[in-house]
Amino acid sequence: MPEPDAHPSLERFVELNGPSNGAWGELSSYMVSLLKAWWGDAATEDNEFCFHNLPRIDGDHSHYATMLKMLDGGVKGFFAVGQNPTVGSANARLQCMALSKLDWLVLRDFSETETAAFWHDSPEIESGDVRTEDIGTEVFFMPAAAYTEKDGNFTNTQRLLQWHHKALEPPGDCRSDLHWIYHLGRRIREKLAGSDDPRDRAILDLTWGYPVHGPHDEPDADAVLREIGGRQADGSFVSGYEELEDDGSTACGSWIHAGIYADGVNQSARKRPHTEQNWVATEWGWAWPKNTRLLYNRASADPEGKPWSERKRYVWWDAEEGRWTGLGDNPDFPPDKEPDYEPGRRDRAMAAIRGDAPFVLHPDGLGWIYAPSGLVDGPLPVHYEPQESPFENRLYAQQQNPTRQVFHRPENPYHPTDGETGAAVFPFVLTTYRLTEHHTAGGMSRTVPYLSELQPELFCEISPQLAQERGLEHGGWATIVSARQAIEARVMVTDRVQSLEVQGRTMHVVGVPYHWGRRGLVTGDSANELLPLALDSNVHISEYKVATCDIRPGRRPRGRDRAALVEEYRRRAGVKV
């Protein structure tokens, strides 16, 4: 909903946000079922199922846009729930400076993260850029329960949900996220009780009657999952998103998870051993949508519905039964649609998808190389150099993506790129990445003794050639510098990082994992302090994997000398802030 008045009705919203053909052609059913799950009996056809209770987005509220607005004093409060932006986000200094402009900050985590401690322990405090006594942000740190201390689902990029049961009660004041948001909502509703202001109906009419249990009145996570999975008007559970209707007879908190409680059973809690089922393992957890383990699996058969390879057959058309069948996976296709089915000119939604077109989320059912809609930067993949690059784009005269989001401001300086004056000051390519032993921004791993022992210090990986060129010793210290910050890391000289010949000259890569910060059992500088904000225009993700830098032997300076080093590099490169 990009503008407050762009969608004056639910019908108009559906018209503008979903194609009429394919699985998205049923957007009206998904939306009405969602609204019924949220507002229950209060959502009726007469009031467009409470569609007008939904807030309208009035601008870019992605993470980095929010932090920049915060930096300019336009955000009063911020919730950081299991989030550690002063380590996990690009340009960590900017993140910290933005937090210092808030009126209040609420954090929920296992331990005091760098974000929770920014007001008294940060690189900016150390360097004197800000003083604790000058920070007006009121910080509320709320201890969180670990996953072993609450019921819920794990999920992953395989789309698999696996239910885990609480092993023990959380200690002290630690509570689950579900407990926190439920009781926060309950207290807000109590404060609004009796209000006759129309704007309060959106909160007062919410379906918020979840059962609670245990010594801390923990909301029943299983009840929340049932709401997500969807019900018919008679209270029975839906088995898939095809059963959702737009007449208010179904309620479903997430259409892609419709059926996760099919037959009144928590499908994600199934743990049938692999010895009792085949390799598809359809009875281990549950995969969205419809427990489909392989998306678009109709593509495993040829246009006539026969397996492309008998040895690799997976889903195929059974002419005798008149259905798609297979090795046990749920066919990601209408089960009784014949391979030679041809839609009529007036057919819509799934009826408009041909019998030989497996990609049901696309309005034509086909796989796309050319994307005619959905992207803001063009329908075909194109190579551009990143915001900071030591090389010119040899494929196109356009060096960088012209639709990228850049933010020219003092807190976010950029390096000159190839061919520009000063580019040689930052001659090397910087990339960041993860380690097996640590988890994202480190809040859950740098506090664990055996994980800390396995990876005790921040390090950088470089090639033997770069080590020789810059006088760096394996196991020694290096200082890595960008126009944003200077950090230090132990040196790992390894053949895994190769020097490459690019455009007639040698390119060296400096690789740095990003899990470290100032809190925990093992501490170190954050690699994300080095990176700028340069975002893609579709999902607003920063260029974490590539920027330019310099590297030199020895530890970085401390205090104001650190800022002086960065400023000296900026001056040499002609970077203005």
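Note that the structure is a prediction, hence the values are computed from the model and not measured.

Q: Before we move on, can you summarise unusual backbone geometry with the specific residues and values?
A: Across the junction of Trp288 and Pro289, the peptide omega takes the value -10°, indicating a cis bond. One non-glycine residue with positive phi stands out, namely Asp263, at about 60°. Asp263 sits in the exposed class, given a relative accessible area of 73%. Even without being a glycine, Ala349 presents a positive backbone phi close to 55°. As for its position among the elements, Ala349 is in the loop between strand 12 (323-326) and strand 13 (405-406).

Q: An account of the pattern of salt bridges is needed here, citing residue identities and associated values.
A: Using the criterion set out here, one finds 35 salt bridges in the structure. Glu126 is the salt-bridge partner of Arg518, the closest N and O atoms lying 3.0 Å from each other. Of the two residues, Arg518 is situated in the loop between strand 20 (509-513) and strand 21 (534-535) and Glu126 in helix 6 (residues 123-127); the sequence distance between them amounts to 392 residues. For Asp134, the salt bridge identified is with Arg131, shortest N-O distance 2.9 Å. A cluster of three or more residues bridged by salt bridges with shared partners is formed by Glu112, Asp121, Glu126, Arg518, Arg519, Asp525 and Arg556.

Q: Explain the packing of helix 1 (residues 10-17) against helix 2 (residues 27-39) to me, and be specific about the residues and the numbers.
A: Contact geometry of helix 1 with helix 2 gives a least axis separation of 10 Å together with a crossing angle of 135°. With respect to each other, helix 1 and helix 2 are oriented oblique. The interaxial crossing formed by helix 1 with helix 2 has right-handed handedness. Here Leu10, Phe13, Val14 and Asn17 of helix 1 come into contact with helix 2, specifically with Leu27, Ser28, Met31, Val32 and Leu35. The residue inventory of the contact of helix 1 with helix 2, partitioned by class, reads seven nonpolar, two polar and no charged.

Q: Mind laying out the packing of aromatic side chains, listing which residues take part and the relevant values?
A: Under the definition given, this model contains 21 aromatic pairs. Between Tyr241 and Trp255, the ring centres sit 5.1 Å apart and the planes meet at 90°, which makes this aromatic pair edge-to-face. Here the residue Tyr241 occupies a position in the loop between strand 8 (231-232) and strand 9 (250-251), and Trp255 occupies one in the loop between strand 9 and strand 10 (286-287), the gap between them amounting to 14 residues. The pair Tyr241 / Trp255 is uniform in exposure class, with both members buried. Taken together, the aromatic side chains of Trp24, Tyr30, Tyr241 and Trp255 make up a single cluster linked through ring pairs.

Q: Can you tell me about the environment of Asp217, naming the residues and giving the values?
A: Mapping Asp217 onto the fold places it in the loop between strand 6 (212-213) and strand 7 (218-219). As for Asp217 and Arg470, which are separated by 253 residues in sequence, their C-alpha atoms are 60 Å apart. Contacts of Asp217, omitting those with residues within four sequence positions, involve His179, His183 and Val212.

Q: I'd like a rundown of a nonpolar patch on the surface, residues and numbers included.
A: On the surface, Phe79, Val81, Trp104, Phe140, Ile181, Leu184, Ile188 and Ile203 cluster together into a nonpolar patch covering about 610 Å² of accessible area. For the nonpolar patch, the elements supplying multiple residues, two or more each, are strand 1 (77-81) and helix 7 (177-192). The element best represented in the nonpolar patch is helix 7, accounting for three residues. Taking the relative accessible area as the measure of exposure, Ile203 reaches 31% and is therefore partly exposed.

Q: Which residues make up the pairing of strand 20, and what values go with them?
A: The buried fraction of strand 20 is high, at five of five residues. Residues Val509, Gly511 and Pro513 line one face of strand 20 and the alternating positions Val510 and Val512 line the opposite face, and both faces are buried. The sheet contact formed by strand 14 (residues 428-433) and strand 20 spans five bridges and is parallel. Bridged to Thr432 within strand 20 is Val512.

Q: Residue-level account of the side chain of Ser89, with values.
A: Looking at where Ser89 falls in the secondary structure, it is placed in the loop between helix 4 (85-88) and helix 5 (92-99). Of note is the side chain of Ser89, whose polar atom sits 3.1 Å from the side chain of His63. Those residues in contact with Ser89 that lie beyond four places of it in its chain are His63, Tyr64, Gln95, Asn528 and Tyr544.

Q: So what's going on with the sheet that holds strand 1? Residues and values would help.
A: Read across the sheet, three strands follow the order 1-2-3 without closing on themselves; strand pairing throughout is parallel. Every other strand in the sheet has two partners, leaving strand 1 and strand 3 (138-143) as the edge strands with one partner each. The average angle at which neighbouring strand axes cross in this sheet is 10°, direction not considered. Note: strand 1 against strand 2 (residues 104-109), five bridges, orientation parallel. By the bridge assignment, Val81 is partnered in strand 2 with Arg108.

Q: Account for the state of the cysteines, with residues named and values stated.
A: Cysteine pairs can be linked by a disulfide, which is a covalent bond between their two sulfur atoms. Per the counting criterion, the structure on display carries zero disulfides. Its sulfur unpaired, Cys460 is 9.1 Å from the next cysteine sulfur, which belongs to Cys549. For Cys460, a relative accessible area of 0% corresponds to the buried category.

Q: Please provide a residue-by-residue account of helix 9 (residues 221-229), values included.
A: The set of residues buried in helix 9 consists of Ala221, Asp222, Ala223, Val224, Leu225 and Gly229. Those residues of helix 9 hidden inside the fold are in contact with strand 4 (152-155), strand 5 (160-164), helix 7 and strand 7. One side-chain oxygen of the residue at the start of helix 9 lies 3.0 Å from the amide nitrogen of Asp222, identifying that residue as Asp220. Just downstream of helix 9, Gly230 is the residue with a positive phi angle, here 100°.

Q: Outline the sheet that holds strand 5, supporting the account with residue identities and numerical values.
A: Pairing between the strands of a sheet is mediated by backbone hydrogen bonds and can be parallel or antiparallel. Spatial strand order, 4-5-10: three strands in an open sheet with antiparallel pairing. If you trace the sheet from one side to the other, it starts and ends with strand 4 and strand 10, each paired once. Here four bridges tie strand 4 to strand 5, and the two strands are oriented antiparallel to one another. Looking at strand 5, one finds that Thr155 is bridged to Leu161.

The rules we used
- Residues numbered from 1 in each chain as written.
- Predicted model: local features only at pLDDT ≥ 70, side-chain atom pairs only at ≥ 80, totals over all residues.
- Heavy atoms only, no water.
- Buried < 20%, exposed > 50% of the residue type's maximum accessible area, 1.4 Å probe, protein only.
- Helix = DSSP H or I, 4+ residues; strand = E, 2+ residues; numbered from the N terminus.
- Salt bridge = Lys/Arg side-chain N within 4 Å of Asp/Glu carboxyl O.
- Axes fitted to C-alpha atoms, helices over the stretch in contact; angles between N-to-C directions.
- Parallel < 35°, antiparallel > 145°, perpendicular 65-115°, else oblique.
- Left-handed = near helix turned anticlockwise from the far one by under 90°.
- Contact = heavy atoms within 4.5 Å.
- Nonpolar A, V, L, I, M, F, W, Y, C, P; charged D, E, K, R; others polar.
- Phe/Tyr/Trp six-rings, centres within 6.5 Å; stacked < 30°, edge-to-face > 60°.
- Patch = residues over 30% accessible without salt bridge, like charges linked within 9 Å, V, L, I, M, F, W, Y side chains within 5 Å.
- Areas by Shrake-Rupley, 256 points an atom, 1.4 Å probe, with all protein chains shown as cover.
- Pairing = 2+ DSSP bridges.
- Polar contact = N/O pair within 3.5 Å; in protein donor to acceptor, adjacent residues only side chain to side chain.
- Disulfide = S-S within 2.5 Å.

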